[in-house]
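# Structural characterization, general
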2 protein chains.
Amino acid sequence: MRPGWTRLNQVIDSTKTSDQTELPRYRSSALLTDKYEFTMLQAALRDGTAHRQCTFEVFARRLPNERRYGVVAGTARVLRAVRDFVFSEEQLASLDFLDDATLEYLRQYRFQGDIDGYREGELYFPYSPLLTVRGTFAECVILETVILSILNADSAVASAAARMVTAAQGRELIEMGSRRTQEYAAVSASRAAYLAGFHATSNLEAAKRYGIPAAGTAAHSWTLLHVDPDGTPNELAAFQSQVDTLGVETTLLVDTFDITQGVNNAIKVAGTKLGGVRIDSGDLGILTRQVREQLDGLGAHNTKIVVSSDLDEFAIAGLVGSPVDVFGVGTSVVTGSGAPTAGMVYKLVEADGIPVAKRSRKKQSRGGTKQAIRACRATGTAVEEIVFPFGADVPDTGELTPYQLTVPLIRSGQLVDNLPTLHESREYLQGQLVTLPWEGLALSRDEPVLNTRFVGFTQSPK
Amino acid sequence: MRPGWTRLNQVIDSTKTSDQTELPRYRSSALLTDKYEFTMLQAALRDGTAHRQCTFEVFARRLPNERRYGVVAGTARVLRAVRDFVFSEEQLASLDFLDDATLEYLRQYRFQGDIDGYREGELYFPYSPLLTVRGTFAECVILETVILSILNADSAVASAAARMVTAAQGRELIEMGSRRTQEYAAVSASRAAYLAGFHATSNLEAAKRYGIPAAGTAAHSWTLLHVDPDGTPNELAAFQSQVDTLGVETTLLVDTFDITQGVNNAIKVAGTKLGGVRIDSGDLGILTRQVREQLDGLGAHNTKIVVSSDLDEFAIAGLVGSPVDVFGVGTSVVTGSGAPTAGMVYKLVEADGIPVAKRSRKKQSRGGTKQAIRACRATGTAVEEIVFPFGADVPDTGELTPYQLTVPLIRSGQLVDNLPTLHESREYLQGQLVTLPWEGLALSRDEPVLNTRFVGFTQSPK
């Protein structure tokens, strides 16, 4: 019923070797770290607390922009970063603020603890215990930054992208935002958008690394390049060349000059079997109707209409009544559509078996190692999340069916078997979205659609 | 007067070799590219237009959030990416949608053209010609994505960070946002924030790669770790250990439980020579005054107050009247404070000597290869930007002094000599900011503080 957890190891292994002619066996994640983690480590090694058994928990205090749900993304990348958190001598040499004992600890460092958490592609809500990292204080504290960087960035993109997928009501979505985010963030953003249900990406590194279908049309520069010696633009020549090279199934960009003329030129060159036309400017609601009518009038009934131009989930929702076949989405998806970070935090919740929590104003947290279930009706509809102490019996959910949210990810430093592939996580998310109460898929601002209830904790940790 | 352009090559070389035990001589940028660039290349190679001499221009149509100016950042990273745009056989094998001639072109590819542009750390305005890339269509078109990814991300961070530096009125700023952006975007964001005048970063990879001072304090987990066996928190033990290891010049985090008690504990442990205390929650305006009074009462007159907790330029401006010594800034700086991308575009403006421009609604651009000057009063205050045809005489600016904005960056594929270091670009920006009319440094929303005027272009390109 729910897609199985298979082959994450294979994804990770193929990622590891994807750049093997240029990159080494691994790309160390060990310096993607804030300085204070290593100075705390040094102090902990000196005072003996380094070896206390601890639990750190990743959670979010709220969902951005009053959204109804969030999407966990980046988990497989986190597990890889934990595995690759190993230091070279050259990296250690840069840490000249540390003493020898600390450097030696880092030289030998391999994470040997356990990680449990929500599956990649799982839905989440405020205070869902998304990741539970257990081990010595020393081995857990230094993973804070890299774990949060990955989860915050990838979950921000996936949470926005999932709303776009819902808004598109089955139309195809291409992620084409690489140019609007940092060059490596672009690669992971492509992955997160695909996880959330996008169908393709423009980014070739993401296509290669993660097996995501790559897609693209043409730029305005292509049409502009085909200028006659007297300075007259020659759109026909540009279209002819593109069709000659890429076949009639290609998509021609028709709005460089006049769209009506562009569509006429496109069909003149490619015939009625033309794959698609792209419109990248103007009032897309009106233009797509005009172009559809024009294409149909020319007999090009199967020529698709691709639109782009600063689309977000709201613009997409406004265009689903229009004859759009494919949405190209750029800036808004890679920047999380107004929420470029998911705001997750990594907090110590247990030390030496004792639940701990800070009491800072507005930043309180709840101590103790946790796990969670989602209680669902017989129809499959989710009712609430229940968080309870890790290792305790699953709370009684009455007539509701408990669904386990917390699953093992790393055991004694080793990835568990049968972790899911990216493609499986993508399917998993689509399965989870249908379990939400219907109002959970609305784009409007409101409360989280599910509550998170805590069961079995002492009232107030000391 | 203006800092010289020296040693950028050294910065780049040190970057290149910084990871040499793990990474190869270069990290290829060649697949940080949108698919359509390579399919256009293939069509251009087939129809002969690939070898037309072209100019592509980077510019922004507007400044985000009605800001008054933008900051160019990422230029040195762009030049490195252009140099490293070379393909491995393994990368070429992933481009199975291309024909043999195109693959062979890419196999031999090295950018051999010229790049001119605004210096890193320069101010910019709508339609400033930020980068001018000249060469064959083939060699220029495939650089679009990686150039824009870098400039859009780095300029977004630097443009936000510069406003924070202004707001802080000389107080120290530490960038500590790595956890709130993608793990590699964190490294370049640290660099951009430093360029803009931040004093330090928490990010160790950025410190190592770019020579940025690293800084940090401690996390709440450090205090929480020091729990007695009966469950009683022991803040004194945590502070004592930190001071024992890092010395009294360290900064103690005092808001895990009760701030007044935390400050008392801090001074009790470290004495009045304590370097600093950090407050990460609550009403910072009130708390910092209380804490300053308390510290002074205890005789710790030189103990600094470090604040963090979702600060942006507006919060910083609201706190400059408070006894804050250091601002720790996270989410808002690495996400561009509401504008995570600078929205720059890369457009073909000239082909075979003919100015070209699209006429799409609201996305018009102006054809022709350009350069720019800024006209300044004798006092140094900037009055306007003047954009004129590349290679033409500098327009007459009357009593105003023309200042050259467009400088050579790459000649025949080679970096020019004496490009500036990151530190020099950082100084350069500070010098440029003082040339702005005073209202340009206001945080409020308004028009760009300088206009960009076009001189010497034909009225309307065909």
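Rules behind the numbers
- Residues numbered from 1 in each chain as written.
- Chains lettered and ligands numbered in written order.
- Predicted model: local features only at pLDDT ≥ 70, side-chain atom pairs only at ≥ 80, totals over all residues.
- Heavy atoms only, no water.
- Contact = heavy atoms within 4.5 Å.
- Buried area = accessible area lost by both parts, 1.4 Å probe.
- Salt bridge = Lys/Arg side-chain N within 4 Å of Asp/Glu carboxyl O.
- Polar contact = N/O pair within 3.5 Å; in protein donor to acceptor, adjacent residues only side chain to side chain.
- Helix = DSSP H or I, 4+ residues; strand = E, 2+ residues; numbered from the N terminus.
- Nonpolar A, V, L, I, M, F, W, Y, C, P; charged D, E, K, R; others polar.
- Buried < 20%, exposed > 50% of the residue type's maximum accessible area, 1.4 Å probe, protein only.
- Pairing = 2+ DSSP bridges.
- Axes fitted to C-alpha atoms, helices over the stretch in contact; angles between N-to-C directions.
- Domains from an automatic or database assignment.

Contacts between the two partners involve 113 residues from chain A and, on the opposite side, 113 residues from chain B. Together, the buried faces of chain A and chain B total about 9,300 Å²; carbon and sulfur atoms form 58% of this surface. Our count for the chain A to chain B interface comes out at 10 salt bridges. There are 46 residue pairs in polar contact (both at pLDDT 80 or more) connecting chain A and chain B. Per-element accounting of the side of chain A that touches chain B gives the leading share, 11 residues, to helix α2 (residues 35-47) of chain A. A breakdown of the residues in the side of chain A that touches chain B according to their chemical character gives 43 nonpolar, 39 polar and 31 charged.

For helix α3 (residues 75-83) of chain B, the tally of buried residues reaches 7 of 9 residues, placing the bulk of the element in the interior. Those residues of α3(B) not exposed but buried are B:Thr75, B:Ala76, B:Arg77, B:Val78, B:Leu79, B:Ala81 and B:Val82.

Strand pairing in a sheet is mediated by backbone hydrogen bonds. Such pairs are either parallel or antiparallel. All names here are of chain B. Strand order in the open sheet made by the 4 strands is β16-β14-β15-β19, with mixed pairing throughout. In this open sheet, the two edge strands, each paired with only one partner strand, are β16 (401-404) and β19 (451-454). Neighbour-to-neighbour, the strand axes of this sheet turn through a mean angle of 30°, independent of strand direction. Examined bridge by bridge, strand β14 (residues 370-376) and strand β15 (residues 382-389) share 7 bridges and lie antiparallel to one another. Across the sheet, residue Ala-375 finds its bridge partner in β15, namely Glu-384.

This paragraph deals with the domain arrangement of chain A. Residue and element names in this part refer to chain A. What the domain assignment lists for chain A is domain 1 (8-158 + 338-368 + 405-454) and domain 2 (166-334). Domain 1 and domain 2 are separated by 36 Å when their C-alpha centres are compared. With 23 residues of domain 1 at the contact, the number on the domain 2 side is 24 residues. A combined buried area of about 2,000 Å² lies between domain 1 and domain 2, and 57% of that area is made up of carbon and sulfur atoms. Ionic pairing is found between Arg-191 and Glu-120, a salt bridge with its closest N-O pair at 2.8 Å. Between domain 1 and domain 2 we count 6 residue pairs in polar contact (both at pLDDT 80 or more) in total. Elements supplying a minimum of two residues to the side of domain 1 that touches domain 2: α3 (75-83), α7 (144-168) and α16 (422-433). Counting residues per element, the side of domain 1 that touches domain 2 draws most heavily on α16, at 6 residues. Partitioned by chemical class, the residues of the side of domain 1 that touches domain 2 number 10 nonpolar, 7 polar and 6 charged.

Another aspect to go through is the sheet that holds strand β5 (residues 131-136) of chain A. All names here are of chain A. Across the sheet, 7 strands lie side by side as β13-β12-β1-β5-β3-β17-β18; this open sheet has antiparallel pairing. Every other strand in the sheet has two partners, leaving β13 (354-355) and β18 (414-415) as the edge strands with one partner each. The sheet contact formed by strand β1 (residues 53-60) and strand β12 (residues 344-351) spans 7 bridges and is antiparallel. Bridge pairing in β12 places Ala-60 opposite Met-344. Taken strand by strand, α3 contacts β3 (114-118), β5, β17 (406-411) and β18, and its axis lies near 25° from that of β17.

Turning to the environment of A:Gly328, a few remarks are in order. All names here are of chain A. Mapped onto the secondary structure, Gly-328 falls in strand β11 (residues 326-329). Residue class for Gly-328 comes out buried when judged on its relative accessible area of 3%. For Gly-328 and Ile-279, which are 49 residues apart along the polypeptide, the C-alpha to C-alpha distance reads 9.9 Å. Excluding residues within four positions of it along the chain, Gly-328 makes contact with Ile-174, Met-176, Val-307, Ser-308 and Leu-311.

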